[in-house]
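Each chain, letter by letter, is given below.
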Amino acid sequence: MMIDKLKLESVSCGVCGTDNWRKYASGKDYEYHTSEDEFQMVECQNCGNIYLNPRPVKEELPTIYPANYYAYNYDQAINPVAIRAKDWLDSIKVKSWLKYLKSSEPRFLDVGCGNGRYLKMLHRLGVPKEQLYGVEMSQEQIAQLNAEGFQGYYGRIEDVEAELPSKSFDLIVLLQVLEHVEQPRLVIKSLACLLKKDGILIIETPNTKSLDVKLFHKSYWGGYHFPRHWNLFNLETLKRLFSEENINIKAVNFLPAHSFWIFSFHHFIEHKWCLPWLARFFNPLQNIFLLSLFTALDMVRAKLGFNTSNIQIIAVK
């Protein structure tokens, strides 16, 4: 149900902590229509971080993450063919993680685990459920994971860190989550405390240095995800966060960002051209043709050395 206005608060930069910014972009909740607010992205003049300011207070999280949010409603929200394709691609990704889980009792943590699909994949590959941990902001999802025998924790990682075994994780993944958090510096600090020596941290997050950002940056870029993306990074701001916690970057990869391309066109067509009937065609959760097209486009661009708007960092403590 849409409400007129959310309770908002002004904030400083989540990377460097300063309060010196310029307006960068503005837009509405084009995807879930949780309020009528016009939201504003600003650019930190000190470090280049792009962040939502003002942003919803924490009490508004249940409103801006409704029950039909795709991460909680994955199997119903996404085209079955797309699910099968994503499952195949994700199975390749998850199998590649096994090389980081070499100890006799490997311990894995998925921060922002959603419905636990990666935990379940790793279990099918032989990792015991008692070694598979997930953190999520949905009590329902965590209750379900715990009922299935996984180690689920409800809340923000910086709040539940003390409940988790410190300096013990071989691998921690944070996939499309860092952009959602209130204090990225605190999150990276918490993850550094949870990693064992030589443990691996894999982060995937939107990248603000890409062609689609340039084309749609004033309002309609899908990566803004108003008002759920609170901090948006580039390689330099990510390097800053990692170096502060003495985490060394091993590899940087640019991955396909098909949903950002498709949502960008959707928002532009519906709200700039006022053609909702045409915009419905641009649905990244259902349109297999566009998913394939923009995935191929970004794969080619990455192969040629161009940035995409989905960056992956692999780092070691």
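Here, the structure is the one placed above.
Residues numbered from 1 in each chain as written. Predicted model: local features only at pLDDT ≥ 70, side-chain atom pairs only at ≥ 80, totals over all residues. Heavy atoms only, no water.

Peer 1: Help me understand the pattern of salt bridges, please; the structure alone is not making it clear to me.
Peer 2: Side chains carrying opposite charge are able to pair once their charged atoms draw close together. Scanning the model with the defined rule gives 16 salt bridges in all. Its salt-bridge partner being glutamate 182, residue lysine 58 comes within 3.9 Å of it at the nearest N-O pair. With lysine 58 in the loop between β5 (55-56) and α1 (61-64) and glutamate 182 in the loop between β9 (169-175) and α7 (184-194), this residue pair connects regions lying 124 residues apart in the sequence. Looking at glutamate 182, the relative accessible area reads 17%, which means it is buried. Between arginine 117 and aspartate 90 there is a salt bridge; the shortest N-O distance is 2.4 Å. In this pair, arginine 117 is assigned in helix α4 (residues 117-124) and aspartate 90 in helix α3 (residues 80-97), connecting sequence segments 27 residues apart. Using a relative accessible area of 13% as the deciding quantity, one classes arginine 117 as buried. Where salt bridges share partners, they join Arg55, Lys58, Arg156, Glu158, Asp159 and Glu182 into one cluster. (Salt bridge = Lys/Arg side-chain N within 4 Å of Asp/Glu carboxyl O. Helix = DSSP H or I, 4+ residues; strand = E, 2+ residues; numbered from the N terminus. Buried < 20%, exposed > 50% of the residue type's maximum accessible area, 1.4 Å probe, protein only.)

Peer 1: Could you clarify how one ought to interpret the packing of aromatic side chains in this entry?
Peer 2: Centre-to-centre distance and the angle between the planes together describe a pair of aromatic rings. Counted by the stated rule, this structure contains 20 aromatic pairs. Here tryptophan 221 and phenylalanine 260 contribute two aromatic rings whose centre-to-centre distance is 5.4 Å and whose plane-to-plane angle is 70°, an arrangement assigned as edge-to-face. Of the two residues, tryptophan 221 sits in the loop between α8 (211-216) and β11 (231-232) while phenylalanine 260 sits in helix α10 (residues 258-272), which places them 39 residues apart along the sequence. Assigned by exposure class, tryptophan 221 and phenylalanine 260 land together as buried. Joined through ring pairs, the aromatic side chains of Tyr30, Phe216, Tyr220, Trp261, Phe265, Phe268, Trp273, Phe281, Phe282 and Phe294 make up one cluster. (Phe/Tyr/Trp six-rings, centres within 6.5 Å; stacked < 30°, edge-to-face > 60°.)

Peer 1: Help me understand the environment of alanine 67, please; the structure alone is not making it clear to me.
Peer 2: Positionally, alanine 67 belongs in the loop between α1 and α2 (74-77). Once the C-alpha coordinates of alanine 67 and serine 138 are considered, the two residues, 71 residues apart in sequence, prove to be 9.4 Å apart.

Peer 1: Even after reading the chapter, I still don't get the side chain of glutamate 179, so can you show me in this structure?
Peer 2: Relative to the helices and strands, glutamate 179 resides in the loop between β9 and α7. Buried and without a salt bridge, glutamate 179 has arginine 228 as its closest oppositely charged side chain, separated by 10 Å. (Lys, Arg positive; Asp, Glu negative; His and termini not counted.)

Peer 1: Any chance you could explain the environment of lysine 250 here in plain terms?
Peer 2: On the secondary structure map, lysine 250 appears in strand β12 (residues 248-254). Sequence-wise, lysine 250 and glutamine 139 are 111 residues apart; in three dimensions their C-alpha atoms are separated by 34 Å. When residues no more than four places from it in sequence are discounted, the contact partners of lysine 250 are Ile200, Ile314, Ala315 and Val316. (Contact = heavy atoms within 4.5 Å.)

Peer 1: Can you walk me through the environment of leucine 278 in this structure?
Peer 2: In this fold, leucine 278 is placed in helix α11 (residues 276-279). With relative accessibility at 25%, the residue leucine 278 sits in the partly exposed group. When the C-alpha positions of leucine 278 and histidine 266 are compared, they lie 8.3 Å apart, and in sequence the two are 12 residues distant.

Peer 1: What should I look at first to understand the sheet that holds strand β8 (residues 151-154) in this one?
Peer 2: By way of backbone hydrogen bonds, the strands of a sheet pair with one another, either parallel or antiparallel. Strand order across the open sheet formed by seven strands is β8-β7-β6-β9-β10-β13-β12, with mixed pairing between neighbours. Two strands bound the open sheet, and with one partner strand each, they are β8 and β12. Averaged over all pairs of adjacent strands, the angle between strand axes in this sheet comes to 15°, irrespective of strand direction. The pairing of β9 with strand β10 (residues 195-206) spans six bridges and is parallel. Across the sheet, the residue bridging to valine 173 is isoleucine 202, located in β10. Packing against the sheet, α4 makes contact with β6 (108-111), β7 (132-136) and β9, and its axis sits at approximately 175° to β7. (Pairing = 2+ DSSP bridges. Axes fitted to C-alpha atoms, helices over the stretch in contact; angles between N-to-C directions.)

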